[in-house]
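Structural description and commentary
Here is how the chains run, residue by residue.
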Amino acid sequence: MLEREMVRITTAKIKDSPYRVQVIDRVLGVLEILAHHGPALPLVELSKRLDLPKSTMLRLLMVLEQHRFVQKDSRSGAYRLGLKLFELGSRAMAQLNLSDYTKPHLERLVFATGETAFFCVLDGSEALSVERVESSRAVRVPSTIGWRVPAHCTAVGKALLAFLPEPELNALVKKRKLHAYTANTITSLTHLRNELQTVRERGYAVDREEMEEGLKCVAAPVRDHSGKVVASMGILFAFA
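For the structure given in this document, a descriptive report is provided here. (Residues numbered from 1 in each chain as written. Predicted model: local features only at pLDDT ≥ 70, side-chain atom pairs only at ≥ 80, totals over all residues. Heavy atoms only, no water.)

A few words now on the nonpolar core. Judged by nonpolar contacts, the single largest core of 26 residues is most densely connected at Val-156, Leu-161, Leu-169, Leu-192 and Leu-196. At the level of secondary structure, the elements contributing two or more residues to this core comprise strand E3 (116-123), helix H7 (155-161), helix H8 (166-175), helix H9 (189-202) and strand E7 (215-223). In terms of residue count, H7 provides more of this core than any other element does, four residues in total. Membership of the second largest hydrophobic core comes to 13 residues, among which are Leu-34, Met-57, Leu-61 and Val-70. (Core = buried A, V, L, I, M, F, W, Y, C linked by side-chain atoms within 4.5 Å. Buried < 20%, exposed > 50% of the residue type's maximum accessible area, 1.4 Å probe, protein only. Helix = DSSP H or I, 4+ residues; strand = E, 2+ residues; numbered from the N terminus.)

A word on H8. Here H8 has its buried residues at Leu-169, Leu-172 and Val-173. Axial view of H8: buried residues confined to an arc of 95 degrees, hence all on one face. Away from its buried face by more than 90 degrees, H8 exposes Pro-167, Lys-174 and Lys-175. On the buried face of H8, the contacting elements are E3, H7 and H9. (Arc of directions from axis to C-beta. Contact = heavy atoms within 4.5 Å.)

Let us now look at the pattern of salt bridges. Side chains that differ in charge, positive against negative, can pair when their charged atoms come close. This structure, assessed with the given rule, holds 12 salt bridges. The salt bridge involving Lys-158 is made with Glu-195; its shortest N-O contact spans 3.0 Å. Note that Lys-158 is positioned in helix H7 and Glu-195 in helix H9, a separation of 37 residues in sequence. On the accessibility criterion, Lys-158 (0% relative accessible area) is buried. The buried category is assigned to Glu-195, whose relative accessible area is 9%. As a salt-bridge pair, Arg-208 and Glu-210 come within 3.7 Å of each other at their nearest N and O atoms. What makes Arg-208 partly exposed here is its relative accessible area of 36%. (Salt bridge = Lys/Arg side-chain N within 4 Å of Asp/Glu carboxyl O.)

Right, let's talk about the pairing of strand E8 (residues 229-238) for a bit. The buried fraction of E8 is high, at seven of 10 residues. Relative to E8, E3 runs antiparallel, the two sharing five bridges. By the bridge assignment, Phe-118 is partnered in E8 with Gly-234. Sheet topology note: the E7/E8 ladder contains nine bridges and is antiparallel. Looking at the pairing, Ala-219 lines up with Gly-234 of E8. (Pairing = 2+ DSSP bridges.)

Mapped onto the fold, Leu-34 is located in helix H2 (residues 22-37). On the basis of relative accessibility, which here comes to 2%, the residue Leu-34 falls in the buried class. Considering only alpha carbons, one finds Leu-34 and Leu-81, 47 residues apart in sequence, at a separation of 6.4 Å. Residues within four places of Leu-34 in sequence aside, it is in contact with Leu-41, Leu-46, Val-70, Tyr-79, Arg-80 and Leu-81.

Right under this line is the structure:
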């Protein structure tokens, strides 16, 4: 139902636009239908959904297939999205300016909480800050892009470690011991595994003065288009 509504909204936007090229509208319509109603559809079904003659639809599909935007199943004759779209999508992801996409979310976090917000990635056994928005409060936690913290004792780090494969987590811990920074720091692998299981269950991580006394942090994982955790986003605050 949701997918059908998305296609309807996309089609409506195309119809409302003053700039239209009919054949391009139709080609994009084919790709939208396959994306939301696939994985594979026969010629007749595509013609029906886009209200086009089968001869017209066949010509569109032949051109799309030639450029690898769609692929025809040799047994069923149904059409599915082609690997060319994956290639272009991968290149588009590689060319994204991370700041353009993360900063609006960080700004909303700061506005909602009044605290400094961070966007971090895992670099070895550390969480690396690649973007941040500072609080406007007079008293706040100083921060910089490029700020590094141990992953095992910070919320931004634990939100990343929680979704690593077990062998990768074990290798990281073996390479860098679970050093104690405060009395609250997790220093055993068993305790860390239990903590990461809790993170997976509730969907966010907490740092309870584990890296520095007087500092607490809450963070959540950030997933890419495939559902893989690639970063974390959190807020850091000091208290008396």
